[in-house]
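Structural description and commentary
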Amino acid sequence: MKSSKKAIALTYDGQQAPHVSAKGFEHLAEHIIEQVKQQGGLIHKDEILAQYLSQLEIGDEIPETLYQIIAELIAFSWYLNGKTPPGWEGLRNINQNV
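Report on the accompanying structure. What you are looking at is a predicted structure, and each value in this text was computed from that prediction instead of being measured.

Within the protein chain, the regular secondary structure consists of 3 helices and 2 strands. Reading the protein chain from its N end, one meets helices and strands in the order β-β-α-α-α. When each of the 98 residues of the protein chain is scored for burial, the buried share is 23%. Taking the intrachain contacts of the protein chain between residues at least 6 apart in sequence as the baseline, contacts between residues at least 24 apart amount to 51%. When the accessible area of the protein chain is evaluated, it comes to approximately 7,800 Å², of which 52% is carbon and sulfur surface.

Right under this line is the structure:
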C-alpha cells in the first residue's frame, strides 16, 4: 500500500516549544514543501516522524517526546544557515596545550 505524500511545517521562535505551522497531504503537501524551499527552510524526510507529526493540529506544540529529535533538526538547520542560538557565542580561548 502506497502512503500519501504529507508535509508538516514546524515553526520555532527560540523561546517556546516548536509548533505545527502548516500541514497538508498530496497537492497541499507539495505546495508546503515548495514554500519552505523558497524560504530557505530545511526539508527533512522521515516517514515515521511525519506520520507522528501529522496527528497534531496546526498551532499544536510538539510533544516532549519529540523535543530531542526536533532540537537536533533545528540545530542542524541553523548550522547549515550559519546561525547560532541567541546568547550562544561558542567556545573561545580553549587551552589546547595538554
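Glancing now at the packing of aromatic side chains. Counted by the stated rule, this structure contains 1 aromatic pair. Seen from their ring centres, Y12 and W78 are 6.3 Å apart, and the 40° between their planes marks the pair as tilted. Of this pair, Y12 sits in the loop between β1 (6–11) and β2 (19–25) while W78 sits in helix α3 (residues 67–80); the two residues are 66 residues apart in sequence, bridging distant segments of the chain.

About the thresholds
- Residues numbered from 1 in each chain as written.
- Predicted model: local features only at pLDDT ≥ 70, side-chain atom pairs only at ≥ 80, totals over all residues.
- Heavy atoms only, no water.
- Helix = DSSP H or I, 4+ residues; strand = E, 2+ residues; numbered from the N terminus.
- Buried < 20%, exposed > 50% of the residue type's maximum accessible area, 1.4 Å probe, protein only.
- Contact = heavy atoms within 4.5 Å.
- Areas by Shrake-Rupley, 256 points an atom, 1.4 Å probe, with all protein chains shown as cover.
- Phe/Tyr/Trp six-rings, centres within 6.5 Å; stacked < 30°, edge-to-face > 60°.

Scope: geometric values only; no functional claims are made or implied.
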